[in-house]
Structure formats: structure tokens, C-alpha cells
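# Structural overview for review
Now for the letters of each chain:
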Amino acid sequence: MASAVGSGAAVPFWRAAGMTYISYSNICANMVRNCLKEPFKSEALTREKVHFSISKWDNGVPQKPTIRSDTPEED
Amino acid sequence: MAMAAFRREGRRFAPLITPRPIAAVRSSPIPEYGLLHFTVFDFAFLSLQSQYATFGHGLWLPKGPSNLLAPLGVRSISTQIVRNRMKSVKNIQKITKAMKMVAASKLRAIQTRAENSRGLWQPFTVLLGDSPSVDVKKNVIVTISSDKGLCGGINSTSVKISKALHKFTSGPEKGTKYVVLGEKAKAQLMRDSKKDIELCITELQKNPLNYTQVSVLADEILKNVEYDALRIVFNKFRSIISFVPTTSTVLSPEVVEREAEAGGKLGDLDSYEIEGGETKGEILQNLAEFQFSCVLFNAVLENACSEQGARMSAMDSSSRNAGDMLDRLTLTYNRTRQAAITTELTEIISGASALEG
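Residues numbered from 1 in each chain as written. Chains lettered and ligands numbered in written order. Predicted model: local features only at pLDDT ≥ 70, side-chain atom pairs only at ≥ 80, totals over all residues. Heavy atoms only, no water.

## Considerations on the overall build of chain B
To keep things clear, this is the line we draw: We count a stretch as a helix when DSSP gives it H or I for four or more residues in a row; a strand needs E for two or more, and each element gets its number in order from the N terminus. Partly exposed residues are those whose accessible area sits between 20% and 50% of the maximum for their type, while under 20% is buried and over 50% is exposed, using a 1.4 Å probe and protein chains only. When checking whether two residues touch, look at their non-hydrogen atoms; a contact exists if any pair is within 4.5 Å. Residue burial considers only the protein chains on display, and all accessible areas are found by Shrake-Rupley using a 1.4 Å probe.
From N to C terminus, chain B includes eight helices and five strands. Helices and strands appear in chain B in the N-to-C order α-α-α-β-α-β-α-β-α-β-β-α-α. Residues counted as buried form 45% of the 357 residues belonging to chain B. Sequence-distant contacts, at least 24 apart, represent 76% of the contacts inside chain B between residues at least 6 apart. As displayed, chain B offers around 18400 Å² of accessible surface, 58% of which is attributable to carbon and sulfur atoms.

Structure below.
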């Protein structure tokens, strides 16, 4: 996705750093959640857990899946 | 005449029959059919059949564990077998009932969230419109399905719609790719559309669904896939018994610009004032990304609701079927039990009368 540098207007810093709007807003939301007091803070942080396994497919052949997870993998 | 009757009964009870080894082979009376006499031909026919243990049509004489020919005239169905069958069917019924309860509780938990998440993408539709008939070069179809099975036909309908969309949007210069969420759609799409799959995402529901997870996912998709239009296929949850396969279209900012020039809803975008130091292209890009994330979030939640609802109804019909099967087996069990008792009685009585007479 090409970063849309409009007619002379400056690109915001996060766009220049390669982040999408989504990752930018996620980071902001994380900061807001960390501002809470206990016990609301731990409740809010449970709403932030990420876990999925993604694998790219290259012309019909699946590559090795990578797991994006906040929870530590138990082996 | 006897064989026809036996064949009829055999077709019903064939899987359940084991012969009780009885030493003396004699033409004892069969309770249900009254006194029948067997001709020599019948006996020869039966002894031939003992070599063949076929179930189903016609032949009903299985080889028992002791390899003895089941004696003439005694249809001996072991009650033990029917009892075992009844026990296993009852267990299955209990399990499916429990699964239905679990699905119902999960549905309750997730339903309110899905309905609330509808408010996330509605403003986008008001602003940018949802135009599934847009004609673009690079289409990406995001198919959402479940990881677990036993949920009725919702995954198959999603895949069917995805394939239809694929056909609809492919053409000479156009390309369509799949991004698959969930194991079930992956298994189905792998069969004939392997080349078109771009990304596969599984294990999405390990933690309860939240926006952060879906937005990270959306980010991954946006980074890895080139697109002009993203079409998200999912099952919208209308009620516990009704799941409608729907598709939402999210356009890339360049396409939005192009469509804005064409007029229509997007053409009104220019009437909005832009605050801050950003350009329209900037804002459109942010909006497009955010729109995709919100629509995907809603789609994943709705699909999860539909999955639980479909599982509820599937398990419900399964327990009902198990109940029916249990009733039929109970009847069979009682019938065999009474037949065995009657056989014993008649043997005793005929033996006693033979002694006297």
C-alpha cells in the first residue's frame, strides 16, 4: 500500500514510520488502558489478548504458520 | 414361504443377529409365526447360507463366534447386543444435549457483543456506502468460518458464496484471491481453489474475541495482500434459527477516489470539510483501514454467533434423533425378550406333553 503523500501535506509521523492507522490506534488504546486503576486495569488488559496462527500460501503451497500470540506457548 | 418371512425379518435385524449355539437341530416352533414345518429343501438352503455371512438383502444367517449354523426355526437375537446399543445411544444423547447447553451459553455471551458491534460499521456505510457491484481489478475475498465442526451447514454456505463471488469477479484482467479465516473453510477451499489462496488464519477463538485481536489480524491482511476491493463473506446472525450469508465490501482508497468522481454516494465526500493538516487522500486511507478493521470485527463476531446457534440446532436435532432411535431399540429389546421367554415356555410345555403322551 503506497503511503498517500497528498499534494505537499506532511505525512503524519506514524505513517512515515511504516505503521498503519490500525496499529497506531491500537498502540494509543493500549496506553489508555494502562492508565486505568486496578482492578479495572487487569480487566481491560484481558480484552487485549491476541492469538492467532497465520500462514501465507505461495501458489498453492502453504508455508510454515507463524503464531502471533501474547500468551506464552506451553510446550 | 418360511424363507420369505425370514428374509423380511432378517433385513431388519441382520446386524444384531448372533446365533445361539443349540446342539439339537430340530424344527421347533417359531413364536411369531406359529408352527411351521420345514421342508428338506429349506434345510439344505439354510446350510448353504451358513457359508456366507452377508447382511442386508436376503441372507440373514451370520457366522457367530462359535461358527455354528443357527438352528432352524430359532431366530435368536442376543438381548445383550441390543442393550449395548441402547447404552451407547443414550450416552450419545447425553453428550449432544450437553453440547447444546454449552453452545447456548456461549451464544448468550457473544450475542450482545455482536449486536453492539453493528454500530461500528454503520457510520461507514452511511459515509462511504457498500457497493458490492463495484468493478475492480484486484479482488480479495475474505471468507470467515469456524475452526470446530458439528455446526450445521454454515461453513458450507460461506464457501459456496465465496466461490460464487470468485466466479463473478474473475475476468480477463481481473484477479481474485482468497484470505481464509478458520479451519473449515480452509479444508473446503483447498480442494479446488488451492492456487488462489493468499493467507490462512486459524486458532482465532482461543481467547474470547476482542477488537485488538481482529485489528491486528486486519493489519496483517492489509500488509500482505494487494487489493482494490475486499469482500468479506460471513454468516450474519439474524436470530437463533436464521443465519444469512452476507458479504460486505471495503474499497481501497484509490478506488474510493475513482468512484467519487463517478458520482453517487461517494461523490458527496467532497462536501465534507477536512480539519487538521491532513489531505483528503490521507483521511481516506485512514478511513479505509479503520473501516476494514471494524467490518471484520463485526463479521467475526456475527459468524461466531451463527456458529453457536447452528451448533445448538444441530445438537438439538441430534439428541432428538437419538431419542427416536432409543425408542425403536427399546421396542426391539422388549420384543426379543418376550420371544425368548415364549420360546422357553413352549419348549417346556411341549417337552412335558411329549412325556405324557
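Having put the structure on the table, let's press on.
## Here we look at the interface of chain A and chain B
Convention followed: Values labelled buried area give the accessible surface lost by two parts on being combined, using a 1.4 Å probe and summing over both. In what follows, salt bridge is the name for a side-chain nitrogen of Lys or Arg lying within 4 Å of a carboxyl oxygen of Asp or Glu.
At the junction of the two partners, chain A supplies 33 residues and chain B supplies 36 residues. Between chain A and chain B, the buried area comes to about 3200 Å², and carbon and sulfur atoms account for 53% of it. For the interface between chain A and chain B, the tally reads one salt bridge. Between Arg-15 of chain A and Glu-289 of chain B there is a salt bridge whose closest N-O contact spans 2.9 Å. Secondary structure elements with two or more residues in the side of chain A that touches chain B: α1 (13-16), α2 (21-34) and β1 (51-58) of chain A. With seven residues, the top contributor of residues to the side of chain A that touches chain B is β1 of chain A.

## Thoughts on the pairing of strand β3 (residues 197-202) of chain B
Regular strands place their side chains on alternate faces of the sheet. Note the following rule: Think of it this way: DSSP has to see at least two bridges between two strands before they count as a pair. The crossover handedness rule: strands pointing away from the viewer, path from first strand over the helix to second strand clockwise, crossover right-handed.
Extensive coverage of β3 of chain B is indicated by the burial of six of its six residues. Here β1 of chain A runs beside β3 of chain B; their pairing, made up of four bridges, is antiparallel. Following the sheet pairing, Lys-56 of chain A is matched in β3 of chain B by Leu-199 of chain B. Bridge count between strand β2 (residues 175-181) of chain B and β3 of chain B: four bridges; the pairing is parallel. Within β3 of chain B, the residue paired with Val-179 of chain B across the bridge is Leu-199 of chain B. In the classification by handedness, the crossover that spans β2 of chain B, the intervening helix α5 (residues 183-192) of chain B and the parallel β3 of chain B is right-handed.

## Remarks on the environment of Val-159 of chain B
Residue and element names in this part refer to chain B. One can find Val-159 in helix α4 (residues 154-169). A residue is classified by how much of its surface remains accessible, and Val-159, at 2% relative accessible area, is buried. Residues Val-159 and Gly-281, 122 residues apart in the sequence, show an inter-C-alpha distance of 35 Å. Not counting residues within four places of it along the chain, the set of residues in contact with Val-159 comprises Ala-185, Gln-188 and Leu-189.

## Some remarks on the pattern of salt bridges
Side-chain pairs of opposite charge can arise whenever the charged atoms involved come near each other. Residues and elements named next belong to chain B. Here the structure, examined in full by the defined rule, presents nine salt bridges over all chains. As a salt-bridge pair, Lys-100 and Asp-316 come within 3.3 Å of each other at their nearest N and O atoms. Residue Lys-100 is found in helix α3 (residues 79-128), and its partner Asp-316 is found in helix α8 (residues 280-356); the two are separated by 216 residues along the sequence. With a relative accessible area of 23%, Lys-100 lands in the partly exposed category. Taking the shortest distance from any N to any O, the salt bridge between Asp-192 and Lys-163 comes out at 3.2 Å.

## Some remarks on α4 of chain B
Residue and element names in this part refer to chain B. This is how the line gets drawn: Residue count minus one, scaled by 1.5 Å, sets the expected span of a helix. What the arc measures is the spread of directions leading from the helix axis to the C-beta atoms.
Spanning 16 residues, α4 covers 22 Å between terminal C-alpha atoms, matching the ideal 22 Å at 1.5 Å per step. Within the span of α4, buried status applies to Ile-154, Asn-155, Ser-158, Val-159, Ser-162, Leu-165, His-166 and Thr-169. Take α4 and look down its axis: the buried residues cluster within an arc of 135 degrees, on one side only. Of the exposed residues in α4, those oriented more than 90 degrees away from the buried face are Lys-160, Lys-167 and Phe-168.

## As for the confidence of the model for chain B
Residues and elements named next belong to chain B. Convention followed: Confidence of the predictor at the level of single residues is captured by pLDDT, which takes values from 0 to 100.
Scored by pLDDT, chain B has a mean of 79; 77% of the residues are at 70 or more. Element-level pLDDT for chain B is lowest in helix α2 (residues 40-49), with a mean of 44, against a maximum mean of 92 in α8. Note that pLDDT drops below 50 for residues 13-70; the model gives that stretch 90 contacts with residues more than four away or on any other chain. The ipTM assigned to the predicted complex is 0.81, against a pTM of 0.75.

## Regarding the nonpolar core
All names here are of chain B. Note the threshold: Definition of nonpolar core: a set of buried residues of the types Ala, Val, Leu, Ile, Met, Phe, Trp, Tyr and Cys, connected through side-chain atoms within 4.5 Å.
The biggest cluster of nonpolar side chains holds 45 residues, and the ones touching the most others in it are Val-179, Ile-201, Ile-232, Phe-292 and Leu-296. Here the element with the most residues in this core is α8; it accounts for eleven residues. Residue contacts for Val-179: discarding those within four places in its chain leaves Val-140, Ile-141, Val-142, Thr-143, Glu-198, Leu-199, Ile-201, Ile-221 and Val-225. By size, the runner-up hydrophobic cluster in this structure holds twelve residues, among which are Leu-128, Ala-229, Val-256 and Leu-284.

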